[in-house]
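Structural characterization, general
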Amino acid sequence: MWTTLRQKVGRGGFPVSFLRQSLQRIQPAASVLERTFSTAAKEMTVRDALNSALDEEMSADPKVFLMGEEVGEYQGAYKISRGLLEKYGPDRVLDTPITEAGFTGIGVGAAYYGLRPVVEFMTFNFSMQAIDHIINSAAKSNYMSAGQINVPIVFRGPNGAAAGVGAQHSQCFAAWYSSCPGLKVLAPYSSEDARGLLKAAIRDPDPVVFLENELLYGESFPVLAEVLDSSFCLPIGKAKIEREGKHVTITAFSKMVGYALKAAEELSKDGINAEVINLRSIRPLDRATINASVRKTNRLVTVEEGLPQHGVGAEICASVVEESFEYLDAPVERIAGADVPMPYAANLERIAVPQVEDIVRAAKRACYRSVSLAASAY
């Protein structure tokens, strides 16, 4: 099979038809919604941002293809791949069986031979079925081959908590994957993030884990005309300062960026001017931007919805202590999900996930505007 694939790549043809024998096929969709953009600034949902990025990259490079469960006929479990099957056909938008280990391995093998697969997981919790391919086959091959093998593949899908889907569908894997050398890990928040970072991920020569959030898909964000340009792309490894401030630095990624911005609004009512950093890239981590901000504000609050032990926030705290300890005027505050499997009950689920008020309280503690946690225990 792979000899045939190598020959087809060498001739410059698109070699994904060989996969069809191992994948389930069903009838084409009856109708497809078309997307149109104006040249002026507009509102765009995260869903449309991801869809447009996939569309444009598939149009620009015939080696890019999408595979996963329900990405074709059903147009994606979350409609991210809406319209792509009709436009690019079943050789480039491949519906797979429910076997993450199988289709992820096929995707990694295709990347070995020069294609650019985009592998969709219905949730990153299911990527556990394929983690051997992601870590041992994709992430380590460039190093183990002394740079002779590139693995240009994107693993994407919703990550973290949604709403009422239980512990096995709610975990954040940002810390898991960002601990592995050879992977790049991105976590978009806004439509600009989603569009620019997904384009960067698809164009990158190395494997990229692209962590989306189900609850953000339907949210709309303003985007400038330049974001809608087909050449638009964001740099991997660069954070964005969403809001400038001088009293406390708040770092966050994915959905928690929105919570951090709401917390900053609340804090401003009490005269606390918070700087909010949207990490965008978890690995590589933009340590320079984080430390520069802390050296200005002298305080740090890290926010993530993942579990606290060995979390992204823990790595940020370590970086600041190593590089900017003498600038800190208060202990670092770390906000994370509760250290338990995600509860199913809605009232318990809310307690297990960071809320805006948790960020506000932490920032006030850092600014000595409230009673400390230790003091409140007595």
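The notes below deal with the structure included here. (Residues numbered from 1 in each chain as written. Predicted model: local features only at pLDDT ≥ 70, side-chain atom pairs only at ≥ 80, totals over all residues. Heavy atoms only, no water.)

1. Comments concerning the side chain of Q355
Cut-off, in case you're wondering: A run of H or I in DSSP counts as a helix once it spans at least four residues, and a run of E counts as a strand once it spans at least two, with each numbered from the N terminus. The rule is simple: take the accessible area with a 1.4 Å probe, protein chains only, and divide by the maximum for that residue type; under 20% is buried, over 50% is exposed, in between is partly exposed. Here a residue-residue contact requires only that any non-hydrogen atoms of the pair lie within 4.5 Å.
The residue Q355 is located in the loop between helix 12 (346-352) and helix 13 (356-366) in this model. Taking the relative accessible area as the measure of exposure, Q355 reaches 12% and is therefore buried. Look past the residues within four positions of Q355 in its chain and what remains in contact with it is Y259 and R350.

2. Quick notes on the environment of Q171
Within the secondary structure layout, Q171 lies in the loop between strand 5 (154-158) and helix 7 (174-178). The spatial distance from the C-alpha of Q171 to the C-alpha of G306 is 6.8 Å, given a sequence separation of 135 residues. Contacts of Q171, omitting those with residues within four sequence positions, involve N125, N159, G160, W176 and L307.

3. Thoughts on the packing of helix 9 (residues 255-268) against helix 13
Rules: Think of each axis as a best-fit line through the C-alpha atoms, taken over the contacting stretch in the case of a helix, with angles from 0 to 180 degrees between the N-to-C directions. Working rule for angles: under 35 degrees goes down as roughly parallel, over 145 as roughly antiparallel, 65 to 115 as roughly perpendicular, anything else as oblique. Helix crossings are classified by the rotation of the near helix relative to the far one: an anticlockwise turn of less than a right angle makes the crossing left-handed, while a clockwise turn makes it right-handed. In this count, Pro and Cys sit with the nonpolar residues alongside Ala, Val, Leu, Ile, Met, Phe, Trp and Tyr, while Asp, Glu, Lys and Arg are called charged and the others, Gly among them, polar.
Packing of helix 9 against helix 13 leaves a shortest axis separation of 8 Å and a crossing angle of 55 degrees. By the angle between their directions, the pair helix 9 and helix 13 is classed as oblique. For the crossing formed where helix 9 meets helix 13, the hand is right-handed. Along the contact surface, helix 9 presents Y259, A260, K262, A263, E266 and L267, while helix 13 presents V356, I359, V360, A363 and K364. When the residues that make up the contact of helix 9 with helix 13 are grouped by side-chain class, the tally is eight nonpolar, no polar and three charged.

4. Here's the deal with the pattern of salt bridges
Here is the rule we go by: Put simply, a salt bridge is a Lys or Arg side-chain nitrogen that is within 4 Å of an Asp or Glu carboxyl oxygen.
Applying the stated rule across the entire model yields 24 salt bridges. A salt bridge links E56 to R195; the nearest nitrogen and oxygen atoms lie 2.9 Å apart. Taken together, the residues E56 in helix 2 (residues 46-60) and R195 in helix 8 (residues 191-203) connect sequence positions 139 residues apart. Given a relative accessible area of 17%, E56 falls into the buried group. R195 gets classed as buried once you look at its relative accessible area, which sits at 0%. One salt bridge connects E265 with R243, and the closest N-O pair in it is separated by 2.6 Å. Of the two residues, E265 is situated in helix 9 and R243 in strand 9 (residues 240-243); the sequence distance between them amounts to 22 residues. Several salt bridges share partner residues, and in doing so they unite E56, E57, R195, K199 and R203 into one network.

5. Section: the side chain of K255
Locating K255 in the fold gives a position in helix 9. Given a relative accessible area of 10%, K255 falls into the buried group. The contact partners of K255, leaving out residues within four places of it in the chain, are A161, N213, L215, L216 and E305.

6. With respect to helix 11 (residues 312-324)
This is how the line gets drawn: Helix span, expected: 1.5 Å multiplied by one less than the number of residues in the helix. Of all possible arcs, the one meant is that of the directions from the helix axis to the C-beta atoms.
The first and last C-alpha atoms of helix 11 sit 18 Å apart over 13 residues, in line with the 18 Å expected at 1.5 Å per residue. Of the positions making up helix 11, those classed as buried are V312, G313, I316, C317, S319, V320 and S324. Buried residues along helix 11 cover an arc of 160 degrees about the axis, so they all sit on one side. As for helix 11, its buried residues are in contact with helix 7, strand 10 (248-252), strand 12 (281-283), helix 10 (287-297), strand 13 (300-303) and strand 14 (333-335).

7. Things to note about the sheet that holds strand 3 (residues 93-95)
Pairing between sheet strands relies on hydrogen bonds along the backbone, with the strands arranged either parallel or antiparallel. Threshold: Two strands pair under a simple rule: DSSP has to find at least two bridges between them.
Strands sit in the order 3-2-4-5-7-6-12 across an open sheet of seven strands; the sheet is mixed. Looking at which strands have only one partner, the edges of the open sheet turn out to be strand 3 and strand 12. Strand-to-strand, the axes of this sheet are offset by a mean angle of 20 degrees, without reference to chain direction. Two elements, strand 6 (residues 184-186) and strand 12, share two bridges in a ladder whose sense is antiparallel. When the bridges of strand 12 are listed, L186 appears paired with S281.

8. Examining the packing of helix 2 against helix 8
Where helix 2 contacts helix 8, the two axes come as close as 8 Å, and the packing angle between them is 25 degrees. Accordingly, the angle class assigned to the pair helix 2 and helix 8 is roughly parallel. Here the hand of the crossing between helix 2 and helix 8 comes out right-handed. Counted together, V46, A49, L50, S52, A53, L54, E56 and E57 of helix 2 and S191, A194, R195, L198, K199, I202 and R203 of helix 8 form the full contact between these two elements.

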